[in-house]
Every structure is written in structure tokens, then in C-alpha cells.
Amino acid sequence: MAARVLLRRSLAGAAAVPRLPPGGGLALRGLGSSAHRPREDSWLKSLFVRKVDPRKDAHSNLLAKRETSSLYKIQFHNVKPECLEAYNKLCQEVLPKIHEEKHYPCALVGTWNTWYGEQDQAVHLWRYEGGYPALNEVMNKLRQNKEFIEFRKERGNMLLSRKNQLLLEFSFWNEPVPRDGPNIYELRSYQLRPGTMIEWGNYWARAIRFRQDGNEAVGGFFSQIGQLYMVHHLWAYKDLQTREDIRNAAWHKPGWDELVYYTVPLIQEMESRIMIPLKISPLQ
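None of these values were measured; they are calculated from a predicted model.

Engineer: Run through the overall build of the protein chain, naming residues and quoting values.
Structural biologist: Along its length, the protein chain carries 9 helices and 8 strands. Burial statistics for the protein chain: of 284 residues in total, 45% are counted as buried. Within the protein chain, residue pairs in contact and separated by at least 24 positions form 82% of the contacts whose partners lie at least 6 positions apart. Within the structure as shown, the protein chain displays about 15800 Å² of accessible surface, and the carbon and sulfur contribution to it stands at 53%.

Shown next, in the form of C-alpha cells:
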């Protein structure tokens, strides 16, 4: 019986050993020599800015901004190639009216066409100030808006497919605010392994500090409805060369490579879109 207890303890201790960093042999010896120290004194403490326990609360409460109740919707519209110009013209006529209507508690954050990535695609990002009640209010009012109903019918004839996701913004990211251009935008989308969102948030709470020098960070979001365990990072750059220079510079900052090392295993799939804003986009 005593042998079984010892075996269980041994296995439990083995399961608690974290993934080793590069040069893991030295780290393992360091862990062995401090096995009886309190956990908060271990080298793992330095990896986290705001460590959260996934068992304590919902991901949305642990990772999202608590001082706001904004909900975001991102739309992906795959447009018939021959209709893209007409689609853009139609959107530029109708979407600003919704954005500027005071009785609609929503705002157009940005609207783009993809330049590199999936072609003939439009991307729209909306903010609903007040969360799900605001979303429901806007949808109910739009169902009574004859101009919007006609807009949807005409737009539908131009589309091949469409999808959307409801998002919350990470607490440690910038809130997306209008900016002057010209800029190109990169939307980096990550499909995470189920159960890893908390880890991702812990690492990126520290990683975002490495990417603030050039004011390129626009917003960071995670999905609530639609494709789940999706993360979207939105960046702005002057041009493609500036993007390359800024991304390369991050690798010369101590600690960035370590954070990349730990976040890569959390990803199942990733995608990058380079996007050009439409004239009506608040993000130029």
C-alpha cells in the first residue's frame, strides 16, 4: 500500500513539471535543486504578467477588459471577383449611415479589402457598446430599416459566402481607435488548441510589450461565438517593408524569442491577411 502511495506521488510530481525552455538541461537541474521552495519563487513566475487559473472563472471574465462591456463582431465576406468594385461602392454608401446613427449603439471600427491572403474578400469590424443587449437592439432596429433590407438583398447577390464571429478584446491590448493613414493592416488569426486560451493570454500579456515601439498594435480579440478558440491580432504598418523591419527588430529584444517558443505549441493553425482600408474606414 505504501508503495502505491509513493508511486502516485511520483507520477503527480512528474505531471507538474513544466515544458522546458531552450537549453532545458540546465533548467531541469535548477528545478531539482529548488524542489522544496515555494512555487512563487520558481523561475516560472517571471514568465507571467497576470497569471490566471482557468478553473476559477470563465475565459471571458478572466481575459477581457472589465472596465468596458463592448462586444465586437468581425465579418468576412467572400465577394464575386467581378462584383468587388460594386460591393465596395455599396458598402461605402450604406455603412456610414449605420455608424453615424445616434440611435444605434454600434460603431464601425474598420473595413478593408484583402490585398494578400484570401483574395476578393472584405473584412468589417464592428463594436457594440453595451455588449449583447446593444447587439440585439441594433439587429432589431435594422430589421425595420427598409434601406438596410434593400442593401442586404443587393449585397447578397454579390457574395459567394460569408461568416462572422463575436469577439471580446484582450485586457492587455490597445483599444482600437481611429487613426490617420495611409497604412496597411495585418490581421493575424490563430486557431488555438482547445483549453489553451488562458496560457495564450498569460504569455501575450508580456509579449505585447515588445511590440509597442512603433505604435503598430491596433487590437487583440478572442472569439465567443462562431469559430471558437480563435484569436485575432490587428496591426498597422506604413508599408510591407516597415512591417518586415518592425517584426525583425522584435527578435533582437531579450525575451521575445522565449515567448515565441512557448506560444507556438498552443497553435493549431494560423493565417495572415494584409488588408487595405476602404475610404470610409475609421482605421486608415
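Engineer: Outline the pattern of salt bridges, supporting the account with residue identities and numerical values.
Structural biologist: Following the criterion strictly, the structure yields 8 salt bridges and no others. When the shortest N-O distance is used, the salt bridge between E216 and R211 registers 3.2 Å. Taken together, the salt bridges that share partners define one network made up of E186, R188 and R243.

Engineer: Give me the packing of helix α4 (residues 84-100) against helix α6 (residues 146-156): which residues, what numbers.
Structural biologist: Taken N-terminus to C-terminus, the directions of α4 and α6 make an angle of 155°; their axes are 11 Å apart at the nearest point. In terms of their interaxial angle, α4 and α6 are classed as roughly antiparallel. In the packing of α4 onto α6, the handedness of the crossing is left-handed. Facing Y87, L90, C91, V94, L95, K97 and I98 of α4, the residues of α6 in contact are E147, F148, F151, E154 and R155. When the residues that make up the contact of α4 with α6 are grouped by side-chain class, the tally is 8 nonpolar, no polar and 4 charged.

Engineer: Outline unusual backbone geometry, supporting the account with residue identities and numerical values.
Structural biologist: In terms of backbone geometry, most residues other than glycine have negative phi values and most peptide bonds are trans. For the bond from G181 to P182, the omega torsion is 5°, close enough to zero to count as cis. By the secondary structure assignment, P182 is in the loop between β4 (159-169) and β5 (184-192). One non-glycine residue, D120, adopts positive backbone phi at about 55°. Along the chain, the position of D120 falls in the loop between β2 (106-116) and β3 (121-129). Even without a glycine there, the phi angle at Y229 is positive, about 55°. Positionally, Y229 belongs in the loop between β6 (217-225) and β7 (230-237).

Engineer: A description of the pairing of β4 should follow, citing residues and the corresponding values.
Structural biologist: Examined bridge by bridge, strand β1 (residues 70-79) and β4 share 8 bridges and lie antiparallel to one another. Along β4, the bridge assignment pairs F76 with K163. Note: β4 against β6, 4 bridges, orientation antiparallel. Counterpart to L167 in the pairing with β6 is S223.

Engineer: How would you sum up the confidence of the model for the protein chain? Please name residues and give values.
Structural biologist: In this model, the protein chain carries an average pLDDT of 83, and 77% of its residues clear a pLDDT of 70 or more. Contacts from residues 1-50, a stretch scored under 50 in pLDDT, to residues over four places away or in other chains number 35 contacts.

Engineer: Any details on a nonpolar patch on the surface? Residues and values, ideally.
Structural biologist: Where nonpolar side chains cluster on the molecular surface, the patch consists of W115, Y116, L240 and I276 and spans about 350 Å² of accessible area. On the secondary structure map, W115 appears in strand β2.

Engineer: Quick one: what's the story with the nonpolar core, residue by residue and with numbers?
Structural biologist: Counting 55 residues, the largest nonpolar core has Y128, F170, W173, W200, W204, F222 and V231 as its most contacted members. Listed in part, the 16 residues of the second largest apolar core include V123, L187, V218 and M275.

The rules behind these values
- Position labels on residues start from 1 in each chain and follow its written sequence.
- Only residues with pLDDT of at least 70 get local features here, since the model is predicted, and only at 80 or more are side-chain atom pairs given and counted; chain-wide, interface and lining totals rely on the full set of residues.
- Side-chain measures were taken over the full set of non-hydrogen atoms in the model, leaving aside hydrogen atoms and water.
- For helices the rule is a DSSP run of H or I covering at least 4 residues; for strands it is a run of E covering at least 2, with both sets numbered from the N terminus onward.
- Whether a residue is buried, partly exposed or exposed follows from its accessible area with a 1.4 Å probe, protein chains only, as a fraction of its type maximum: under 20%, in between, or over 50%, in that order.
- Contact between two residues is taken to exist if any of their heavy atoms lie within 4.5 Å; hydrogens are not considered.
- Computed with a 1.4 Å probe, the accessible areas rest on the Shrake-Rupley method; for each residue, only the protein chains presented here act as cover.
- Any Lys or Arg side-chain nitrogen found within 4 Å of a carboxyl oxygen on Asp or Glu counts as a salt bridge.
- For helices, the axis comes from a line fit to the C-alpha atoms of the stretch in contact; other axes are also lines fit to C-alpha atoms, and the angle between any two N-to-C directions lies between 0 and 180 degrees.
- What sets the label is the angle itself: under 35 degrees gives roughly parallel, over 145 gives roughly antiparallel, 65 to 115 gives roughly perpendicular, and the rest give oblique.
- Handedness of a crossing follows from how the near helix is turned relative to the far one, being left-handed for an anticlockwise turn of less than a right angle and right-handed for a clockwise one.
- Under the scheme applied here, ten amino acids are nonpolar (Ala, Val, Leu, Ile, Met, Phe, Trp, Tyr, Cys and Pro), four are charged (Asp, Glu, Lys and Arg), and all others, including Gly, are polar.
- We call two strands paired when DSSP finds no fewer than two bridges between them.
- Summary of the metric used: pLDDT quantifies the predictor's per-residue confidence within the range 0 to 100.
- Surface patches are drawn from residues lacking salt bridges whose relative accessible area is over 30%; two like charges belong together within 9 Å, two nonpolar side chains (Val, Leu, Ile, Met, Phe, Trp, Tyr) within 5 Å.
- What makes a nonpolar core is a set of buried Ala, Val, Leu, Ile, Met, Phe, Trp, Tyr and Cys residues whose side-chain atoms join them at distances within 4.5 Å.

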